[in-house]
Amino acid sequence: MSKRQRQLHDEVKKFIVSVSWTHKIQIVYSDILDSYAKWVRIGNILLSAIVSSGLIYILLSDEYWAKVATAFVSICVTVLAALKKEFNFEGTSIRIKHDANVFWELREEATHLLHVLTYNTDSSESVAVAFNKLVEIRNRKMPELINAPQKAVDKASELLKSRRDDDYEEDYKYLIPNNLNDILEEE
């Protein structure tokens, strides 16, 4: 392996790790926002049903407390509707997921380049040109990302490290036919 090839190999590996982390953090944050959106919807549906059905008046025999409880639940419905509109959990989650997918594509393309470098199937110069395009895309996309909270970063770290999300070694024996696991004919 030439010095240039080795340097490029190291750069591509670091790039893969960087965009993999960004992808995972963004996906986890999108999942968190999806969860918030789900709970706001469920809360809104349940509280709206309670208010509109007159359930509070049925359960409370004292009319004063029924009015107070109905007003309180109505305020909660209004607050949930305002939260849904103000924070737009669903729309933000979709945007974040789209951004995360860009980083997943970058990771996949960089992994391909790493294979090319490792098995020396193309010149280092052509790999460098392709890699520079990936770096440009990443650098253009990074400032557009929504900052994820620490909760998302911690969860992403847990998923990447404890579950080893990017380790397919065990899966090969289940998903790749035995006759395709190794190169049988070398060039």
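Up top is the structure these notes are about.
Residues numbered from 1 in each chain as written. Predicted model: local features only at pLDDT ≥ 70, side-chain atom pairs only at ≥ 80, totals over all residues. Heavy atoms only, no water.

Enquirer: Mind showing me how you'd approach the packing of helix H1 (residues 3-53) against helix H6 (residues 150-161) here?
Expert: The angle between the axes and the distance between the axes are what describe a pair of packed helices. It is the contact of H1 with H6, at a shortest axis distance of 8 Å, that shows an interaxial angle of 120°. The pairing of H1 with H6 is recorded here as oblique in orientation. Note on packing geometry: the crossing formed by H1 with H6 is right-handed. Packed against H1, whose contacting residues are Ser-20, Trp-21, Lys-24, Ile-25, Val-28, Tyr-29, Ile-32 and Tyr-36, the element H6 presents Lys-151, Ala-152, Val-153, Lys-155, Ala-156, Ser-157, Leu-159, Leu-160 and Lys-161 at the interface. Residue composition of the contact of H1 with H6, by class: eleven nonpolar, two polar and four charged. (Axes fitted to C-alpha atoms, helices over the stretch in contact; angles between N-to-C directions. Helix = DSSP H or I, 4+ residues; strand = E, 2+ residues; numbered from the N terminus. Parallel < 35°, antiparallel > 145°, perpendicular 65-115°, else oblique. Left-handed = near helix turned anticlockwise from the far one by under 90°. Contact = heavy atoms within 4.5 Å. Nonpolar A, V, L, I, M, F, W, Y, C, P; charged D, E, K, R; others polar.)

Enquirer: Can you help me understand helix H3 (residues 63-87) in this one?
Expert: Two residues of an α-helix separated by three or four positions point the same way, owing to the 3.6 residues in each turn. Across its 25 residues, H3 extends 36 Å between first and last C-alpha, which sits within 8% of the 36 Å expected from 1.5 Å per residue. For H3, the complete set of buried residues consists of Ala-66, Thr-70, Val-73, Val-77 and Leu-80. Sitting at the amino-terminal end of H3 is Asp-62, which places a side-chain oxygen 3.1 Å from the backbone nitrogen of Tyr-64. Two residues or fewer past H3, Asn-88 is found with a positive phi of approximately 40°. (Expected span 1.5 Å × (residues − 1). Buried < 20%, exposed > 50% of the residue type's maximum accessible area, 1.4 Å probe, protein only. Polar contact = N/O pair within 3.5 Å; in protein donor to acceptor, adjacent residues only side chain to side chain.)

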